[in-house]
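So the chains spell out like this:
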4 protein chains.
Amino acid sequence: MTASAAPDFLQALLDVEVALAVAEAEVGVIPASCVLDIRAAARAELYDGAALAGEAARDGNVVIPLVRKLTEAVGARNIESARYVHRGATSQDIMDTALVLQLRAAGKTVEASLTRAMTGAAALAREHVLTPMPGRTWLQHASPTTFGLKAAGWLDMLGRCRGRLQDAVDRAQVVQLGGASGTLASLGDAGPAVAEALARELALRVPSMPWHTHRDRIAEVAAAFGIACGALGKVGRDLALRAQSEVAEALADEGGGSSSMPHKQNPVRAVTAVAAAIRAPGLVATILAAMPQEHERAAGGWQAEWQPLADLMSLTRDAAEAIAGTLGHLRVDPAAMRRHLESRGGVAMAESLATALLGHLSRSEAMTLVERLCRAAEREGRPLRQVAAEDPVVSRQLSPADLDRALAPEHFLGAAGTFVDRVLQQWAM
Amino acid sequence: MTASAAPDFLQALLDVEVALAVAEAEVGVIPASCVLDIRAAARAELYDGAALAGEAARDGNVVIPLVRKLTEAVGARNIESARYVHRGATSQDIMDTALVLQLRAAGKTVEASLTRAMTGAAALAREHVLTPMPGRTWLQHASPTTFGLKAAGWLDMLGRCRGRLQDAVDRAQVVQLGGASGTLASLGDAGPAVAEALARELALRVPSMPWHTHRDRIAEVAAAFGIACGALGKVGRDLALRAQSEVAEALADEGGGSSSMPHKQNPVRAVTAVAAAIRAPGLVATILAAMPQEHERAAGGWQAEWQPLADLMSLTRDAAEAIAGTLGHLRVDPAAMRRHLESRGGVAMAESLATALLGHLSRSEAMTLVERLCRAAEREGRPLRQVAAEDPVVSRQLSPADLDRALAPEHFLGAAGTFVDRVLQQWAM
Amino acid sequence: MTASAAPDFLQALLDVEVALAVAEAEVGVIPASCVLDIRAAARAELYDGAALAGEAARDGNVVIPLVRKLTEAVGARNIESARYVHRGATSQDIMDTALVLQLRAAGKTVEASLTRAMTGAAALAREHVLTPMPGRTWLQHASPTTFGLKAAGWLDMLGRCRGRLQDAVDRAQVVQLGGASGTLASLGDAGPAVAEALARELALRVPSMPWHTHRDRIAEVAAAFGIACGALGKVGRDLALRAQSEVAEALADEGGGSSSMPHKQNPVRAVTAVAAAIRAPGLVATILAAMPQEHERAAGGWQAEWQPLADLMSLTRDAAEAIAGTLGHLRVDPAAMRRHLESRGGVAMAESLATALLGHLSRSEAMTLVERLCRAAEREGRPLRQVAAEDPVVSRQLSPADLDRALAPEHFLGAAGTFVDRVLQQWAM
Amino acid sequence: MTASAAPDFLQALLDVEVALAVAEAEVGVIPASCVLDIRAAARAELYDGAALAGEAARDGNVVIPLVRKLTEAVGARNIESARYVHRGATSQDIMDTALVLQLRAAGKTVEASLTRAMTGAAALAREHVLTPMPGRTWLQHASPTTFGLKAAGWLDMLGRCRGRLQDAVDRAQVVQLGGASGTLASLGDAGPAVAEALARELALRVPSMPWHTHRDRIAEVAAAFGIACGALGKVGRDLALRAQSEVAEALADEGGGSSSMPHKQNPVRAVTAVAAAIRAPGLVATILAAMPQEHERAAGGWQAEWQPLADLMSLTRDAAEAIAGTLGHLRVDPAAMRRHLESRGGVAMAESLATALLGHLSRSEAMTLVERLCRAAEREGRPLRQVAAEDPVVSRQLSPADLDRALAPEHFLGAAGTFVDRVLQQWAM
């Protein structure tokens, strides 16, 4: 079933119809007596979603048949009340306002998951602030970093995504009420007052004017969801790479068995986030592509929004929940990290060695010398420490203690600790 | 030539190298004497962009060969100064910081064009606040609206896009300086101080930590550019539709001739914006798809960002400029709008007539009756006024004056004027 | 519910499990006696899709819990038979093979709708082969064309899309059977024979090797669906533009009412196709973005394919059905077309007039002269015929009869008839 | 500079103008004498691309100003010949035909690179047909595969991509010649003959009718380029993952140094392909999104195609070249592969052990037992061989020799050899 006839969306649509009746009764556009009848009939379980989806395909959207059925249901209670259903509204008013309510709810759920993920990342950042591990650039060992800095990077990024999503959702908390052409003409002079009351009823704001074909706020929310998926995908990919059999520096406790291989523990949650990050861009692109909507009501663009927006909300929800789950249950293996730093002769310390030689040597001399030593260490399968100690230039410049220090990861962590502290402070975690 | 070796980007890269030298001299990491030599060599016209693009393909990015050439050029002036080029930085530090500078410049240009477009829209909104025209939904005549409300819709939307772009660009005004693994280790204890000085020099902010593989800010800016393109495309599509030979309600004065048809005046500017809105979603999607970047430096994702970001900046610039140009020179034809309202028997007033009959009739009775009258009017090619006047139900409920009023567009404009005023006030225009 | 747990997909998965058992019994890998038990348990209605979707989220895909439940259900019939469920297969074998079956079914449905759409277009092309109407470029009147040529263009394009989809689906009719790592090792020497038998059972082909992470065939089918959507969207947009109140040259008989405006007949079907064309690109992009799948089984890419492929199938099905429905019931109004050709002084004939003057005048002289005449006609609201007749240069070169001929659309249709004939012949329609 | 004013595209445009003149002279539409003058002026280096790009922004496309300049240049040679430039064509005729020529050239280049990549993959497949290595699913060790099978998978996929691209390019080898509205009216009766001659001159086919707004063939080519990028990205990602410091099973000899870390050898070529696979989906999506082009000439869609098509051609060219270069120079390390199979206690052989126990045990009993053994082996850091030998159930069922065999990767390679042979035969390599 398409998103626009899913039970929770039907209920959101009905909630808006009820709120509209409340607002119009308050302003005096319709009699107060009909509100109860409308409210009583406005329960999604009374309607057949599949049938509505079918009629929606012919009518152009789901609100048209839903209002028909709602009017019948209200009429069955009280024929007089049926006259006041959906008064002055166009179907897009109802759908867009319901969408805005859904975005608010989804935003809250994602926010909570992101907060849990941030808490998990913060704990890792604090615990491993100075746990050295190989940095990795281009998927290859680079100079060392710390696992805490890595977790702080996730925390900082997820924190920004949370704020961005809150802001975007908040900016989109505007009621849609414009009627057929966006002028509210059929409500006579009462239009703006009804809009005010409707917004109040739903805890939304009143926009300067209806926005049926001005979709930038919706696009901004879509982008904020999509960016969150991308960020969660970055965390997921880092975790999946870290969980590789050859790396195994941090593993999630989770199911992820195989139907044929009894030894497997697949990083299902991390991969859920990666998959979300692969799907989100196409969905965001669709919302952007739908923006040039014609005149007062779109001929294709608005209709194209419905499913992708629903997908973006549920994808982001699942991805955030998956990462929150993983970061909270990560078994970290500092010994493996240390082992990797020492692997391949410890060439990951090359920059550190070259830096130690600066001053004695020019930058390019140091780079050339250390590159030669690294190649030798790898070729001969010997530690860089050993190869370097035998080199006359190195031994002339650096004492054995200097060399030890230059090759010790914990002495080449730069501002890692400072950065972690700043991030923890920034998010008050 | 690819974006990453275009002259203006090369200059931005060189500017960052100079600022880095200034910052490091200030902090005392390198001697102040070398700054002048580096600055003197840091002029893009001294370097061969095409050759650099070629080397970049082999080295992985353009900064690696550029630093090589810059070091040579500095060395040619003063061999000692050459030792201090690019100290402590990784190539992505330079590219990302240069990108941030480019985003700032592009943001300013787009902002100026959007402001001009808003001024044009505001003038139209004010002048035509109550100029009636057919609303159009699903590309068909709907109840009337005013041309002023339409222009106000553009103004409001472009205003939001301008603000969103400013915010996103501003949030991305953070320096990138992390060195090889994001710890600034090779600068020893001086790393954070150098980053502070570099940011000051370039009027950027210092982030909590380096963000080499945390691309959410970049993605937000990309989305803001893309959303602006979508909004400009909406204006462009409205204008192109309005300029159709059969509609011709508002035409831009512009070139747009044909190589074969002497009578043509194509809406080139409006179409430029539509084309930008078609291209932008794919570019934004690419930036989002590139977000899950591996560990401390991407293996593909970062590299995929360069060209799409450059394209997004130039597309948005061109589209904003095109719409600014069009909205400032629009010949509006209120008579054509009025003519369209009266065409097809004036059935665009159907909702107004049905509304006038409410109370006397129930909503569904009124809808059914007016639908029948409209079909008759269209079938018989007669005015709805005439057909309605002959109907016994209508004539019983509405006097001829009532009927005239119900069919007069200027009496069914609802809150159009209020909405326009609100929008003009909102943007202080 | 996600696509991967929808009832029809569950049934396809179960069908593959049955076929696998049949194949393995045939080859002698499992006893023939268990097939009946497996078949009896392989009915989708026996399983709870929602529950499976929930477990799939934890296990990584829906086949893992489904095989668990299937094994239980088979075991409930015959404990011995339960040992032979899913033998030698990996879950992706089942999902990919089921996908291939679904693509075949969807391809057939779309093919039938496209054929109906082509039949409709062919009838229009034949009937209106020489019905003149304004060509329209940049949404403005251009030299005349015929409605038949327009319909032939749709026919030709849809015909190519049908063929492309058939080809792509056919090329993807390959069974997936590789086991855990793509070697079929757990089937010993029997692997290739089982794959042969499975393919035979399902009327699929055997690929050279398993293709778990080689998704180009799937991407090709996705692209073929997406291209069909784009083509259907072109027809839909043409129809929606043609149905505009000011144009009204061809209207579909269909519902499309409004909840507030009784006169409306919205082009719902045409817009359904346009909306599909807006959504399809993002879905195709997702399938392409998912292609770089890791090693022997993806960590994100494969998982990202499921929903977009399901969406592409249903979107294309709906769009093709919508266009088939519209093209079969189009009310064409040749008089409106003629009226538009004569509107605006008939300047759409400008190229024709300029062509008539060639030889007497150079190309650029003729273009300049006719441009001047058109501007005068438009400015003065007079027919181009009249303005041209008064021009001394024109009157010197063209007799009144020549001028009439130069301005008669039916004499400036070029090869329209030839093109229509060719297209009808090409598709034997 | 935009793609549409790049020197090679300008030359393609000029080539089409010359071919048009040749064709029209052949048919007798223009005098043969002018062809030489047109040809002499049709050299891209005579025109200022940047200036043309500027005028194109105003005129709507680059052909309009180019024809203007070309006409002047021809006129400077012979004023009479200038009258016959561009006769009967519309600017899109020239651009689309030039595009078709560019697609042919790009297709050939990519084809050659893909062939080189296939040759490299074939050599690896042949040499390593039975070199065991861990299969990897979800980025974790799975049952063994062989490096040859992996290479065969690349070969098979790249072979299909080559064929798909050739087919798509070939199907798009149709001339575009329709004139202003697609009827060729300004050529009188000679239109089809001119189109025939033009196609002959350029070695293209004549389509049934012009295809200005029927872009499915172009979309198919775009998709074929995009799918090739995706496939190349899969190879690239596999190689980048394999080149990780912890894996290092196959390394490319290439540059890829770092500006700060002397030990680095980044997999630049593999990453080039991954980056292309990230960018291609958005570009293909744009071409699809541009498909619903209005009437006889687009108002945005066609204009949106130019740059993405150019980008797709160059991206695919670079990615194919990069992978061809890498696969031809891969240092493979079978010992590392063997070492990884033995790592983690050799649990990658779990499925093999469970399979050996089948018959004695039911499938689920075997799976449960082996899972327990694997967890013990990993927890205790002992070989699975040892742990299994101590288990009473295992030792009852399997002799020490049976157990050795069950844990020997070379005895659990299934049909790997068969698959490799089939693929090599399929591509005659």
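Residues numbered from 1 in each chain as written. Chains lettered and ligands numbered in written order. Predicted model: local features only at pLDDT ≥ 70, side-chain atom pairs only at ≥ 80, totals over all residues. Heavy atoms only, no water.

**Quick look at the pairing of strand S1 (residues 132-137) of chain A**
And step 1. Within S1 of chain A, six of the six residues are buried, which leaves the element mostly enclosed by the surrounding structure.
And step 2. In this antiparallel pair of consecutive strands, S1 of chain A and strand S2 (residues 140-146) of chain A, the connection spans two residues, and Trp138 of chain A shows a positive phi of 55°. (Buried < 20%, exposed > 50% of the residue type's maximum accessible area, 1.4 Å probe, protein only. Helix = DSSP H or I, 4+ residues; strand = E, 2+ residues; numbered from the N terminus. Pairing = 2+ DSSP bridges.)

**Some details on the interface of chain D and chain C**
And step 1. Taken together, the 89 residues of chain D in the interface contact 90 residues of chain C.
And step 2. Its largest share of buried area at the contact with chain C, chain D owes to Trp138, Ser208 and His295 of chain D, together 10% of the area lost on that side.
And step 3. Counting every contact that joins chain D to chain C gives ten salt bridges.
And step 4. Among the salt bridges present, the one from Asp216 of chain C reaches Arg164 of chain D, with a minimum N-O distance of 2.9 Å.
And step 5. Breaking the side of chain D that touches chain C down by element, the ones donating at least two residues are strand S1 (132-137), strand S2 (140-146), helix H6 (147-171), helix H8 (216-242), helix H9 (268-289), helix H12 (350-357) and helix H17 (416-426) of chain D.
And step 6. No other element matches H8 of chain D, which puts 15 residues into the side of chain D that touches chain C.
And step 7. Residue composition of the side of chain D that touches chain C, by class: 42 nonpolar, 26 polar and 21 charged. (Contact = heavy atoms within 4.5 Å. Buried area = accessible area lost by both parts, 1.4 Å probe. Salt bridge = Lys/Arg side-chain N within 4 Å of Asp/Glu carboxyl O. Nonpolar A, V, L, I, M, F, W, Y, C, P; charged D, E, K, R; others polar.)

**What about empty space enclosed by the protein?**
To find leftover empty space, a probe the size of one water molecule is rolled over the atoms.
And step 1. Quantified by volume, the largest cavity comes out at close to 250 Å³.
And step 2. The wall of the largest cavity is formed by 22 residues, among which Ala289 of chain A, Ile278 of chain B, Ile278 of chain C together with Ala289 and Ala290 of chain D lie closest to the centre.
And step 3. Residue assignment for the lining of the largest cavity shows that the elements contributing at least two residues are helix H9 (268-289) of chain A, helix H9 (268-289) of chain B, helix H9 (268-289) of chain C together with H9 of chain D.
And step 4. For the lining of the largest cavity, a count of residues per class yields 13 nonpolar, six polar and three charged.
And step 5. Here the second largest cavity defines a volume of roughly 200 Å³.
And step 6. Those elements that place two or more of their residues in the lining of the second largest cavity are H9 of chain A together with H9 of chain D. (1 Å grid on protein atoms, 1.4 Å probe; cavity = no way out; pocket = protein on both sides within 12 Å on 5 of 7 lines; lining within 4 Å. Points joined across faces, edges and corners; volume = space filled by probe spheres on them.)

**Focus: the relation of the copies chain D and chain C**
And step 1. Superposing chain D onto chain C takes a rotation of 180° combined with a translation of 0.0 Å along the rotation axis, leaving an RMSD of 0.1 Å. Accordingly, the operation relating the two chain copies is best matched by a two-fold axis. Relative to the rotation axis, the closest C-alpha in chain D is found at Ala285 of chain D, a distance of 2.8 Å.
And step 2. Comparing contact sets, 99% of the residues at the interface of chain D also lie at the interface in chain C, consistent with an isologous, same-surface contact. (Least-squares fit on C-alpha atoms with pLDDT ≥ 70 in both.)

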